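Read off the chains here:
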Amino acid sequence: MITPETERAWLGFHMAFEQRLFPNVHGKCSSGKTQTIKQLAGLLAENYIENNCSDLTNTKSLERVLLGGVVTGSWIAFNQW
């Protein structure tokens, strides 16, 4: 589903990638941020890791997720931060 917010997001992604940057996605709850990034990763054939954080998340577990993402070159989404 294409909305004005989605179109602005895709434009922002395009501009960031042209400058060899990666956009930081933020916004209201349930606005489609995670799905947009997941779709973009699929379109660009990139690995995608989704990590749901909780009160029990500690620095060691975050370190393992980040290290795994760096080693595999994956995009990482941290939800419920």
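Residues numbered from 1 in each chain as written. Predicted model: local features only at pLDDT ≥ 70, side-chain atom pairs only at ≥ 80, totals over all residues. Heavy atoms only, no water.

**Student:** Got a sec to walk through the pattern of salt bridges? Specific residues and values, please.
**Tutor:** Close approach of charged atoms lets side chains of opposite charge pair. Per the stated rule, a full pass over the model turns up two salt bridges. For the salt bridge of K38 with E50, the shortest nitrogen-to-oxygen distance reads 3.5 Å. Residue K38 is located in helix α2 (residues 33-43), and its partner E50 is located in strand β1 (residues 48-52); the two are separated by twelve residues in the primary sequence. Judged by relative accessible area, which is 33%, E50 ranks as partly exposed. Between E63 and K60 there is a salt bridge, and its shortest N-O distance comes to 3.9 Å. Taken together, the residues span about one helical turn, with E63 and K60 both in helix α3 (residues 59-72) at a distance of three residues. (Salt bridge = Lys/Arg side-chain N within 4 Å of Asp/Glu carboxyl O. Helix = DSSP H or I, 4+ residues; strand = E, 2+ residues; numbered from the N terminus. Buried < 20%, exposed > 50% of the residue type's maximum accessible area, 1.4 Å probe, protein only.)

**Student:** Explain the nonpolar core to me, and be specific about the residues and the numbers.
**Tutor:** Within the largest apolar cluster, five residues are counted, these being F13, I37, L40, A41 and W75. If one sorts the elements of this core by residue count, α2 sits on top with three residues. Sequence-distant contacts of L40, defined by excluding residues within four places in its chain, comprise W10, F13, F17 and W75. (Core = buried A, V, L, I, M, F, W, Y, C linked by side-chain atoms within 4.5 Å. Contact = heavy atoms within 4.5 Å.)

**Student:** Let's hear about α3: which residues, and what values?
**Tutor:** Quick reminder: α-helices carry 3.6 residues per turn. Residues three or four places apart thus point the same way. The end-to-end C-alpha distance of α3, which contains 14 residues, comes to 20 Å, matching closely the 20 Å that a straight helix rising 1.5 Å per residue would cover. Turning to α3, its buried residues are L62, V65 and G69. The buried side chains of α3 occupy one side of the element, clustering within an arc of 65 degrees when seen end-on. Projecting away from the buried face of α3 at angles above 90 degrees are the exposed residues T59, K60, R64, L67, V70 and V71. (Expected span 1.5 Å × (residues − 1). Arc of directions from axis to C-beta.)

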